[in-house]
Amino acid sequence: MELECPVCGALIELDEEEIEVGEEIECPECGALLVVVKRGRKMYLKPAEEEEEEEYVEDEDEIDWEEVEEEEEETF
Ligand SMILES: [Zn+2]
């Protein structure tokens, strides 16, 4: 089985029965640390560095509520 390195795009040959989900492997081409992940029945690699960064930058948007006055005055 060949899995593509998400960093350099190289195909890394792996033994499907030997690798485990969550296992960290090193790309022989670029040396990036990759984690084996499984989605459905397909396995793929993702960079190990991108591990659940729960840093959400909250932008404090100031919402300007414009008061739209709809006054229809029909005078005859
Ligand atoms: Zn690579």
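Preceding this paragraph is the structure being described.
Heads up: these notes are all about the structure in this document. Everything numeric here is computed off the predicted structure, so don't read it as measured data.

1. Points about the sheet that holds strand 4 (residues 33–39)
Strands sit in the order 3-4-5 across an open sheet of 3 strands; the sheet is antiparallel. On the outer flanks of this sheet lie strand 3 (24–26) and strand 5 (42–47), each paired with one strand and no other. Taken pair by pair, the neighbouring strands of this sheet meet at an average axis angle of 40 degrees, ignoring direction. Both strand 3 and strand 4 contribute to a ladder of 3 bridges, which runs antiparallel. Bridge pairing in strand 4 places E24 opposite V35.

2. Comments concerning the nonpolar core
Counting residues in each nonpolar core, the largest one holds 12 residues, listed as L3, C5, I12, L14, I19, I25, C27, A32, L34, V36, M43 and L45. Apart from residues lying up to four places away in sequence, C5 is in contact with A10, I12, C27, C30 and L34.

3. As for the coordination of the zinc ion
Donor atoms from the polypeptide that coordinate the zinc ion comprise C5 (SG), C8 (SG), C27 (SG) and C30 (SG), at 2.2 to 2.3 Å from the metal. The site at the zinc ion holds 4 donor atoms, and with the angles between them running 107 to 113 degrees, its shape is tetrahedral. Binding-site remark: the zinc ion is held by donors from one chain whose sequence spacing is C-x2-C-x18-C-x2-C. Of this pair, C8 sits in the loop between strand 1 (2–4) and strand 2 (11–13) while C27 is found in the loop between strand 3 and strand 4, placing the two residues 19 residues apart along the sequence.

4. Observations regarding the pairing of strand 5
Only one face of strand 5 is buried: it carries M43, L45 and P47, and the other face, with K42, Y44 and K46, is open. The pairing of strand 4 with strand 5 spans 6 bridges and is antiparallel. Bridged to R39 within strand 5 is K42. The loop that links strand 4 with its antiparallel partner strand 5 comprises 2 residues; one of these, G40, has a positive phi angle of about 70 degrees.

Calculation rules
- Residues numbered from 1 in each chain as written.
- Predicted model: local features only at pLDDT ≥ 70, side-chain atom pairs only at ≥ 80, totals over all residues.
- Heavy atoms only, no water.
- Pairing = 2+ DSSP bridges.
- Helix = DSSP H or I, 4+ residues; strand = E, 2+ residues; numbered from the N terminus.
- Axes fitted to C-alpha atoms, helices over the stretch in contact; angles between N-to-C directions.
- Core = buried A, V, L, I, M, F, W, Y, C linked by side-chain atoms within 4.5 Å.
- Buried < 20%, exposed > 50% of the residue type's maximum accessible area, 1.4 Å probe, protein only.
- Contact = heavy atoms within 4.5 Å.
- Donors = N, O, S within 2.8 Å, 3.2 Å for Na, K, Ca; no water.
- Tetrahedral: all angles 85-135°; square planar, octahedral: opposite > 155°, others 65-115°.

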